[in-house]
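Spelled out, the chains give:
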Amino acid sequence: MNSNSKLKIQNSKLQKLVPLLLDWFSKNARDLPWRRTRDPYAIWVSEIMLQQTQVKTVMPYWERWMRALPTIETAAKAPSDKIHKLWEGLGYYTRVRNLQKAAKLILERHDGKFPKKFEDVLALPGIGRYTAGAICSIAFNQPMPILDGNVIRVLTRIFGIKKNPREKETNKFLWQLAGQLVHNSKLKTKSSKPCCSHLNQSLMELGALVCAPRNPRCQICPARKLCVAFRENRVDKLPNLGKRATATTRHFVAFIVGRDGKFLVRRRPAGVVNAHLWEFPNFEINGSTQGAKEIFNSAFDFEPEEIQSLCKLKHSITRYRITLEAFYVRPPKLPEISEGIWLPHSRFDSLAFTAAHKKLASFAANRMLSGR
């Protein structure tokens, strides 16, 4: 059975689902700052920040960004250090660089006004099908579908979809379901209410607040009477995402080289993870038997007065499990360097560091203040 045939069979449920979702959203929607506006720029910024990031984390970042860069023009013209500093801690920094690239294109091609056509929005850097649909539906009330992790979870459970939603045909069918839902919301609501906006947001909100990955609150779900997974007691089995990729272990050594209140920091180059952010000199040592002093001596051309263990941090980036072992290094004097800058500890907050190295900056500052 093809996806169009499946959709026809589900049409009655789709029609029943729309008013349930809209009514539930009108009574239960969270008061989020980007929901108080229809400004497409503000909504766009929120959607980019919300990619792979929780709402509670995004809220202060969004508010700070909108105060600092309230328009597309200010975002386009902001210095690189400023946009990275505003994004510091959110991770996935390609998002903010693409956002600025897109802002510059909007100035060049759309006279500084955020485009309304879905195709034009989709053509912007860093904007895929989901984000374009979210912006067009929320800001402009267009009947464009959305499909993210929350929506996939809601739809696979309600419609009892057993196959992996990442598979081509299953994913196509889910997009069609999402499209029919938002289309039906426009047909059913004759008033001037932003029905498409609310329908799509209701799907996202239901997945975030009720139809959670673990411990879903099925008893208060507005769609439970229509939900196949609830009826068949298979909620914990859907969505069927298959096995997770095995995590990869990586080990780094970092050197906090400091003297007279200044520390050696370097900017990560373009084209790598966390590009353009600042960090302390560090080296990947997976499987190496070299000690910290040997690694330091092979990388620097001066002999340190002392080199001591400072701390060990563990963190994760996507599928990588990273151990970062840091050492404090005191040179006999501030040597000439060919890469990086000597940064006073008082200016640590002026630059955007990677998350792990921001913690190292705190250790470095404390080390200097303690006089050790």
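Our structure's up above, just so we're on the same page.
S.K.: Which residues make up the pattern of salt bridges, and what values go with them?
M.R.: In total, this model carries 16 salt bridges according to the counting rule given. A salt bridge links Lys-358 to Glu-88, with the shortest nitrogen-to-oxygen separation between them at 3.4 Å. Of this pair, Lys-358 sits in helix H14 (residues 355-370) while Glu-88 sits in the loop between helix H5 (80-87) and helix H6 (94-109), and the two are 270 residues apart along the sequence. Judged by its relative accessible area of 34%, Lys-358 is partly exposed. Looking at Glu-88, the relative accessible area reads 9%, which means it is buried. With a closest N to O distance of 2.8 Å, Arg-250 and Glu-284 form a salt bridge. Of this pair, Arg-250 sits in strand S1 (residues 248-259) while Glu-284 sits in strand S4 (residues 282-284), and the two are 34 residues apart along the sequence. Classification of Arg-250 as partly exposed rests on a relative accessible area of 24%. On the accessibility criterion, Glu-284 (36% relative accessible area) is partly exposed. Here the salt bridges share partners, and the residues they tie into one network are Arg-259, Asp-260, Glu-305 and Arg-330.

S.K.: Describe unusual backbone geometry, with residues and values.
M.R.: The step from Leu-238 to Pro-239 runs through a cis peptide bond, and the omega angle for that step is 0°. Relative to the assigned elements, Pro-239 resides in the loop between helix H12 (228-231) and S1. Backbone geometry at Gln-52 places phi at a positive 60°, although glycine is not the residue there. Mapped onto the elements, Gln-52 comes out in the loop between helix H2 (40-50) and helix H3 (55-68). One non-glycine residue with positive phi stands out, namely His-276, at about 75°.

S.K.: Go over the packing of H3 against H5 with me, naming the residues and quoting the values.
M.R.: Packing of H3 against H5 leaves a shortest axis separation of 9 Å and a crossing angle of 155°. When the axis of H3 is compared with that of H5, the two are roughly antiparallel. Residue-level contacts link Tyr-61, Arg-64, Trp-65 and Ala-68 of H3 to Lys-82, Ile-83, Leu-86 and Trp-87 of H5.

S.K.: Outline the environment of Pro-165, supporting the account with residue identities and numerical values.
M.R.: Within the secondary structure layout, Pro-165 lies in the loop between helix H9 (149-158) and helix H10 (168-188). Distance from Pro-165 to Ser-12, taken between C-alpha atoms, is 22 Å for residues 153 residues apart in sequence. With residues up to four places along the chain from it excluded, the contact list for Pro-165 reads Ile-152, Thr-156, Thr-170, Asn-171, Leu-174, Pro-239, Asn-240 and Leu-241.

S.K.: Describe the nonpolar core, and please don't skip the residues or the numbers.
M.R.: One finds Trp-44, Trp-65 and Leu-155 to be the most contacted residues of the largest nonpolar core, which totals 86 residues. Apart from the residues lying within four places of it in its own chain, the contact partners of Trp-44 are Leu-99, Ala-102, Ala-103, Ile-106, Phe-114, Ile-127 and Ile-135. Judged by nonpolar contacts, the second largest core, of 23 residues, contains Phe-252, Ile-256, Leu-343 and Ala-361.

Reading the values: rules and limits
- Residues numbered from 1 in each chain as written.
- Predicted model: local features only at pLDDT ≥ 70, side-chain atom pairs only at ≥ 80, totals over all residues.
- Heavy atoms only, no water.
- Salt bridge = Lys/Arg side-chain N within 4 Å of Asp/Glu carboxyl O.
- Helix = DSSP H or I, 4+ residues; strand = E, 2+ residues; numbered from the N terminus.
- Buried < 20%, exposed > 50% of the residue type's maximum accessible area, 1.4 Å probe, protein only.
- Axes fitted to C-alpha atoms, helices over the stretch in contact; angles between N-to-C directions.
- Parallel < 35°, antiparallel > 145°, perpendicular 65-115°, else oblique.
- Contact = heavy atoms within 4.5 Å.
- Core = buried A, V, L, I, M, F, W, Y, C linked by side-chain atoms within 4.5 Å.

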